[in-house]
Amino acid sequence: MLVLTRGREESIVLGDDIVVTIVDIRGDKVRLGIDAPRETVILRKEVYDAIRQENLDAAGVDPQDLGDLDNLLGNS
Amino acid sequence: MKVETTRFGKVDVNDAEMIVFPSGILGFPECKQYTLVPHPGGGPCQWLQSCDTPEIAFVICEPQMFVPDYRINIRIEDLAPVGAISLDEARVWAIMRVPPRPEKPTLNLAGPLILNPTRRLGMQFVVNGGNWSHRHEIG
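Residues numbered from 1 in each chain as written. Chains lettered and ligands numbered in written order. Predicted model: local features only at pLDDT ≥ 70, side-chain atom pairs only at ≥ 80, totals over all residues. Heavy atoms only, no water.

**Student:** I'd love a proper account of the overall build of chain B, names of residues and values included.
**Tutor:** Check the secondary structure of chain B and you find zero helices and ten strands. Of the regular secondary structure in chain B, the N- to C-terminal order runs β-β-β-β-β-β-β-β-β-β. At 15 Å, chain B has a C-alpha radius of gyration in line with the 14 Å of a compact globule built from 139 residues. Along the first, second and third principal axes, the C-alpha atoms of chain B reach 40 × 40 × 25 Å. Scored against the burial criterion, the 139 residues of chain B give a buried share of 50%. Averaging the coordinates of the 13 positive side-chain charges in chain B and doing the same for the 15 negative ones gives two points 4 Å apart. (Helix = DSSP H or I, 4+ residues; strand = E, 2+ residues; numbered from the N terminus. Rg over C-alpha atoms; globule rule 2.2 N^0.38 Å. Buried < 20%, exposed > 50% of the residue type's maximum accessible area, 1.4 Å probe, protein only. Lys, Arg positive; Asp, Glu negative; His and termini not counted. Charge placed at Lys NZ, Arg CZ, Asp CG, Glu CD.)

**Student:** Quick one: what's the story with the interface of chain A and chain B, residue by residue and with numbers?
**Tutor:** Tallying the contact residues gives 26 residues for chain A and 38 residues for chain B. Here chain A and chain B share an interface that buries about 2700 Å² over both sides, 65% of which is from carbon and sulfur atoms. At the boundary of chain A and chain B, one finds three salt bridges. The partner of glutamate 54 of chain A in a salt bridge is arginine 97 of chain B, with the nearest N and O atoms 3.1 Å apart. (Contact = heavy atoms within 4.5 Å. Buried area = accessible area lost by both parts, 1.4 Å probe. Salt bridge = Lys/Arg side-chain N within 4 Å of Asp/Glu carboxyl O.)

**Student:** Explain the environment of isoleucine 25 of chain A residue by residue, including any values.
**Tutor:** By the element assignment, isoleucine 25 of chain A lies in strand β2 (residues 18-26). Note on isoleucine 25 of chain A: relative accessible area 34%, which makes it partly exposed.

**Student:** Give a detailed account of the sheet that holds strand β3 (residues 29-35) of chain A, specifying residues and quantitative values.
**Tutor:** Residues and elements named next belong to chain A. With antiparallel pairing, the three strands of this open sheet are ordered in space as β1-β2-β3. This sheet does not close on itself; its edge strands, each paired only once, are β1 (11-14) and β3. Each neighbouring strand pair of the sheet contributes to a mean axis angle of 25 degrees, computed without reference to strand direction. (Pairing = 2+ DSSP bridges. Axes fitted to C-alpha atoms, helices over the stretch in contact; angles between N-to-C directions.)

**Student:** Any chance you could break down the side chain of glutamate 54 of chain A for me, citing the residues and the numbers?
**Tutor:** Inspection of the secondary structure assignment puts glutamate 54 of chain A in helix α1 (residues 45-59). We classify glutamate 54 of chain A as buried; its relative accessible area is 4%. At 3.1 Å, the side chain of glutamate 54 of chain A and the side chain of arginine 97 of chain B are in polar contact. Among residues more than four places away in sequence, those in contact with glutamate 54 of chain A are Arg97, Thr106, Asn108, His134 and Arg135 of chain B. (Polar contact = N/O pair within 3.5 Å; in protein donor to acceptor, adjacent residues only side chain to side chain.)

Without other data, these values stay purely geometric and don't point to any function.
Okay, here's the thing in structure tokens:
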């Protein structure tokens, strides 16, 4: 992993069109400002990981679970 | 074309029924082509079956069937990957996780699927900073 030291209001550039700026530093929190093309997906990593893991779990629904699903839908 | 599936056997899919997820679904970047398979037991859910990988299929539903007040904020530019110009044109689905009982099924309301039915393009949209859970219990 590349590790860089940056201070307040300093930036790094990712490729040609993404700029990440240190907006503020307070205690153990850093506020980042991100300039990127609008179509760029930017997510907190824990959110990304949670959705990804949820997809992996959901894709593993077993045909045997179908009975439970039918019960659920029948009751809903 | 014939699509092999582990759950439904061989499924006939014509090109017009194919749904393409250009960026895939998170965790499945290689699976870009899907088709809808009705749930054999009927009801509001269907299966989003991968045409590339026989064992990958998601149970999906319209989230309002279970969560009537479900709404998401999405910017027009976020819809660009599916070529939709407004949320009115798009259809929103939630992926359902169906764990063994007694655990309750959950809907992923934080990462809904957005479909442009006209162009047959889909994407997974991650709701940034919303209050909807990726494990919203139903049933």
